[in-house]
Amino acid sequence: MTALVSDVIATSAIMAAQGEVTLNGELGEPSATEGAMVPAPPDPETPDEDGTSGDPDSASMCLPPAAEDEEGAMPADFDHLWKAAHDSPHDFSGWTDLLQYCEQEGHLAASRRALVAFLARYPLCYGYWKKYADLERRAGNDDKASAVCVQGLRSIPLSVDLWIHYINLLLGTLDMDLPESAERIRSVFEDAVAAAGLDFHSDRLWDLYVEWEKEQGSTRKAAAILDRVLKVPTQLYNTHYEKLKAHLSRHEPREVLSLEEYEELRAFCHQSRKVERAEQAKDKEEERPPGEEELATPKGADSEEMMRKIREQVLLRRDKVYQENEDEVRKRWHFEDAIKRPYFHVRPLDHAQLRGWRSYLDWEMAQVKADGQDLSKDTEETEADVTPARDHHRLRVLFERCLIACALYEEFWTRYVEYLEPLSVDEARAVYKRACEIHLPSTPNIHMQRATFEEKHGDVAQARRVLEALEKNRPGLAVVRLRRAALERRAGRLERSEALLREAVAQSKEKPALHAFYSIKLARLLLKLAGDPGGARGVLQEALEISPGNAKLHLNLLELELEDEPWSSGEAVQGCVTRALAAPLASHTKLCFSRRGLQFAEEHGRSIRRSSSHQSGAVVPWSSLTVCPCPPHSVMAVYEEHQKLLTELSATKREAQNGNEEPEKKSKGDDGSVADGSAQAPDATPPVPITTPPPPDTSGQAGCGVLGGWYQQPQYCGYGYHTWNYNQGYYPPS
């Protein structure tokens with residue numbers, strides 16, 4: 001293979017992620033042959049936050065620069081249109097307006113500058129590569145025109161149109177009287193069919209190659225090309241067979257076939273003729289006169305009958321290949337027919353076409369497996385045979401075709417990587433690079449998948465760079481910062497992980513919700529991994545000063561205190577509960593915290609009795625209730641505080657249901673006094689036996705309180721009001 005095909009096939013492509021018109025950049029229906037076979041982009045600049053490269057003039061393509069002596073005053077409206085295009089780089093119409101204006105003005109330097117900037121962002125628009133090459137050719141710069149075509153083919157090697165344009169450019173500029181010119185053209189043709197020859201719509205390229213060889217008088221090479229395309233399932237597969245038959249009929253077999261095949265068929269036909277004549281002689285029992293021999297065919301020449309038999313054998317062999325290829329075309333035809341937009345466009349594809357691409361890929365992968373090929377073992381192809389019916393190379397071509405039409409759909413990029421990863425990590429890495437740096441620079445998921453891929457394969461530094469670049473491009477995404485912190489933690493850099501979270505906490509103070517989120521993550525890292533509960537407590541307390549109404553902060557602080565030893569954390573636990581009840585939280589949330597405090601007192605309290613202040617009727621606040629070794633607090637006191645909160649919340653709920661404007665319903669008692677109708681009547685329901693476990697909580701608040709409605713069950717309507725049977729457990733067998 002030549003240097004060009006090695007650049008085009010073995011490297012990764014610069015493809016644009018956006019565009020508003022068809023790829024040909026011209027009026028009329030686009031060709032169905034645009035694509036990419038993983039060509040290699042130059043090192044792109046770090047994208048800006050909008051996902052584009054910083055300076056279009058310093059685009060990553062090695063396009064021919066404008067000559068300095070041609071740089072002069074630009075047309076009148078150029079600066080205005082140039083600024084409009086750069087201010088909105090994703091607006092395709094702005095770029096086309098600029099290019100159309102430059103073309104109308106006929107200004108060479110302006111057109112060059114606009115095309116270089118445009119193709120840096122939209123390299124899939126092969127029509128503009130053709131325009132750029134034509135621009136240089138009209139200016140007398142044949143070498144520059146050729147360089148433009150080569151660079152375009154590195155970006156879209158599946159574009160049959162661009163290959164044909166490049167070949168026609170060479171045919172018009174090279175001196176064909178020189179022997180090396182023909183060899184160069186033939187080399188480019190080989191590069192073209194190697195890159196785009198398996199495309200379903202590559203018939204024009206194969207036909208051009210055959211006709212050119214005929215013009216050179218190379219009938220044998222033309223026949224060999226027809227033999228090759230006969231194995232390729234293309235749209236016009238039957239016309240190639242007809243051309244092969246016509247080519248054989250116009251030329252003697254020895255002028256068309258390879259020497260090996262010709263000698264093989266000639267020997268076969270001679271042997272066949274001898275057998276036939278021997279049988280005929282035996283049947284007729286004829287004897288020739290003495291001295292009369294069979295007329296021999298001159299050496300090196302074949303009789304008309306022999307040539308006819310050789311042609312029959314040739315067509316017999318080709319017909320078998322043709323039938324097999326026809327079967328392959330028939331299998332693919334309905335998939336190809338469903339592809340209505342094979343070119344790139346920023347407008348979304350309809351669901352039918354997306355389903356078509358998925359089905360096509362599923363089918364092609366099933367064919368590879370059906371042929372007994374292990375997806376973990378790649379198959380090498382030779383230059384002489386680039387057209388196997390079912391193999392990994394054909395599947396790669398289909399993936400690349402799919403990623404032209406579906407370049408903005410990350411599911412297909414992910415699927416391609418999943419297919420390539422068992423075969424070649426480097427190829428999978430190149431696909432990720434193409435997707436993230438060109439087509440989906442601002443899509444977080446594909447970048448995070450790439451970082452995971454790099455970390456999984458041992459390149460932690462590259463994974464770190466990917467996430468850093470993503471966060472620079474999309475600042476403020478919490479999931480990206482968390483991925484960075486997790487990466488550093490897995491890499492054994494706990495200090496760096498902590499620093500990233502502290503930086504996020506410091507930068508998000510103006511956004512209370514985000515600040516609380518990062519604070520919780522940092523506190524968990526300090527508590528669980530760094531073994532620093534004091535630091536975790538300080539982080540949460542500082543966050544509560546900024547967001548006192550954030551229930552998650554209160555809950556995480558309470559959980560932190562509950563994880564400590566109960567004899568040393570009692571005061572801190574009750575302090576958390578007191579803080580939560582005084583905070584601007586929802587009523588049901590406060591009830592959850594009260595339940596949690598009651599649970600703690602129930603499980604770790606040293607006394608069931610009320611304190612003296614409670615016995616005298618005084619109210620003891622939550623903050624005064626402590627756990628040993630401090631003076632023992634009363635479970636009864638905590639319970640009564642919880643009941644008081646329940647009463648307040650019930651009254652608030654009734655008020656909200658009845659409305660503030662409705663007069664309160666009053667009822668007159670026996671003594672003539674007016675009683676509040678809202679007062680609860682004594683519960684006439686007999687107490688539920690303690691042996692019955694409480695029913696499950698259906699209040700929807702179980703997420704906040706561990707026990708849910710446990711303390712609201714009838715059997716726990718008040719400590720001291722019903723008999724507490726200490727001789728049985730909480731859940732005895734019923």
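Worth saying up front: this structure is predicted, and the values here are computed from it rather than measured. (Residues numbered from 1 in each chain as written. Predicted model: local features only at pLDDT ≥ 70, side-chain atom pairs only at ≥ 80, totals over all residues. Heavy atoms only, no water.)

**Q** Pulling in residues and values, what's your account of the overall build of the protein chain?
**A** When you go through the protein chain residue by residue, the secondary structure sums to 29 helices and two strands. Buried positions account for 46% of the 734 residues belonging to the protein chain. A fraction of 67% describes how many contacts in the protein chain between residues 6 or more apart in sequence connect residues 24 or more apart. Looking at the protein chain as shown, the accessible area adds up to about 37,200 Å², and 51% of this sits on carbon and sulfur atoms. (Helix = DSSP H or I, 4+ residues; strand = E, 2+ residues; numbered from the N terminus. Buried < 20%, exposed > 50% of the residue type's maximum accessible area, 1.4 Å probe, protein only. Contact = heavy atoms within 4.5 Å. Areas by Shrake-Rupley, 256 points an atom, 1.4 Å probe, with all protein chains shown as cover.)

**Q** Could you give an account of the nonpolar core, with specific residues and numbers?
**A** Core analysis: the largest hydrophobic core is formed by 83 residues, its most contacted members being Phe78, Leu98, Phe118, Trp163, Tyr166, Leu205 and Ile310. For Phe118, the residues in contact, after removing those within four places along its chain, are Phe92, Trp95, Leu99, Cys125 and Tyr128. One finds Val505, Leu544, Leu557 and Leu645 within the second-largest nonpolar core, a separate group that totals 34 residues. (Core = buried A, V, L, I, M, F, W, Y, C linked by side-chain atoms within 4.5 Å.)

**Q** Just give me the short version of the pattern of salt bridges, but keep the residues and values in it.
**A** Scanning all chains against the criterion turns up 41 salt bridges. The partner of Glu328 in a salt bridge is Arg332, with the nearest N and O atoms 2.6 Å apart. In this pair, Glu328 and Arg332 are both assigned in helix α14 (residues 304–337), four residues apart and thus about one turn of the helix distant. For Glu328, a relative accessible area of 8% corresponds to the buried category. Judged by relative accessible area, which is 3%, Arg332 ranks as buried. Connected through shared salt-bridge partners, Glu468, Glu471, Arg481, Arg484 and Glu503 make up one network. (Salt bridge = Lys/Arg side-chain N within 4 Å of Asp/Glu carboxyl O.)

**Q** So what's going on with the packing of aromatic side chains? Which residues, and what values?
**A** Scanning all chains against the criterion turns up 18 aromatic pairs. Between Trp95 and Phe118 the ring centres are 6.4 Å apart and the planes differ by 55 degrees, which places this aromatic pair in the tilted class. Placement of the pair is Trp95 in helix α3 (residues 92–105) and Phe118 in helix α4 (residues 108–121), with a sequence separation of 23 residues. The same class applies to Trp95 and to Phe118, which are both buried. (Phe/Tyr/Trp six-rings, centres within 6.5 Å; stacked < 30°, edge-to-face > 60°.)

**Q** Can you tell me about the side chain of His392, naming the residues and giving the values?
**A** Within the secondary structure, His392 is located in helix α16 (residues 392–405). Reaching out from His392, the side chain makes a polar contact with the side chain of Tyr419 at a distance of 2.9 Å. (Polar contact = N/O pair within 3.5 Å; in protein donor to acceptor, adjacent residues only side chain to side chain.)

**Q** Explain the confidence of the model for the protein chain to me, and be specific about the residues and the numbers.
**A** Averaged over all residues, the pLDDT of the protein chain equals 75, while 67% of them reach at least 70. Of all helices and strands in the protein chain, the one with the weakest mean pLDDT is strand β2 (residues 674–676) (40), whereas helix α19 (residues 444–456) scores best (96). Note that pLDDT drops below 50 for residues 64–70; the model gives that stretch 12 contacts with residues more than four away or on any other chain. (pLDDT = per-residue confidence, 0-100.)

**Q** Please set out the packing of helix α8 (residues 179–196) against helix α9 (residues 203–215) residue by residue, giving values where relevant.
**A** The interhelical angle for the contact between α8 and α9, taken along N-to-C directions, is 155 degrees, at an axis separation of 10 Å. Taken together, the axes of α8 and α9 lie roughly antiparallel to each other. Considering how the two elements wind past one another, α8 and α9 form a crossing that is left-handed. Contact residues: α8 offers Ala182, Ile185, Arg186, Phe189, Glu190, Ala192, Val193 and Ala196, while α9 offers Leu205, Trp206, Leu208, Tyr209, Trp212 and Glu213. A breakdown of the residues in the contact of α8 with α9 according to their chemical character gives 11 nonpolar, no polar and three charged. (Axes fitted to C-alpha atoms, helices over the stretch in contact; angles between N-to-C directions. Parallel < 35°, antiparallel > 145°, perpendicular 65-115°, else oblique. Left-handed = near helix turned anticlockwise from the far one by under 90°. Nonpolar A, V, L, I, M, F, W, Y, C, P; charged D, E, K, R; others polar.)

**Q** Before we move on, can you summarise the packing of α3 against α4 with the specific residues and values?
**A** Running from N to C, α3 and α4 cross one another at 155 degrees; their axes reach a closest spacing of 9 Å. As summarised for this structure, α3 and α4 are arranged roughly antiparallel, according to the angle between their axes. Helix-helix and strand crossings are classified by hand; for α3 and α4 the assignment is left-handed. Mapping the contact onto sequence places Phe92, Trp95, Leu98, Leu99, Cys102 and Glu103 in α3 and Ala110, Ser111, Ala114, Leu115, Ala117, Phe118 and Arg121 in α4. Its residues assigned to classes, the contact of α3 with α4 comprises 10 nonpolar, one polar and two charged.

**Q** Describe the environment of Leu170, and please don't skip the residues or the numbers.
**A** Along the chain, Leu170 falls in helix α7 (residues 160–173). Its relative accessible area of 2% is what places Leu170 among the buried residues. Between the alpha carbons of Leu170 and Asp143 there is a distance of 10.0 Å; along the sequence they are 27 residues apart. Those residues in contact with Leu170 that lie beyond four places of it in its chain are Ser146, Arg184, Ile185 and Val188.

**Q** Describe helix α5 (residues 126–138), with residues and values.
**A** In this model, α5 (13 residues) spans 19 Å end to end at C-alpha, consistent with the 18 Å of a helix rising 1.5 Å per residue. Elements in contact with the buried residues of α5: α3, α4, α6 (142–155) and α7. Following α5 by one or two positions, Gly140 adopts a phi angle in the positive range, close to 85 degrees. (Expected span 1.5 Å × (residues − 1).)

**Q** Kindly report on helix α11 (residues 237–250), identifying the contributing residues and their values.
**A** For α11, with 14 residues, the first-to-last C-alpha span of 21 Å sits near the 20 Å given by 1.5 Å per residue. Considered for burial, the residues of α11 that qualify are Tyr237, His240, Tyr241, Leu244, His247 and Leu248. An end-on view of α11 places all buried positions within 125 degrees of arc, on one side of the element. Opposite the buried face of α11, by more than 90 degrees, sit the exposed residues Ser249 and Arg250. Of the surrounding elements, those touching the buried residues of α11 are α9, α10 (219–229), α12 (253–256) and α14. (Arc of directions from axis to C-beta.)

**Q** Quick rundown of the environment of Val573? Include the residues and the values.
**A** By secondary structure assignment, the location of Val573 is in helix α26 (residues 566–582). Residue Val573 is classed as buried on the basis of its relative accessible area of 1%. It is 9.5 Å that separates the C-alpha atoms of Val573 and Arg596, two residues lying 23 residues apart in sequence. Residues contacting Val573, with those up to four places away along its chain left out, are Leu558, Glu561, Leu562 and Phe600.

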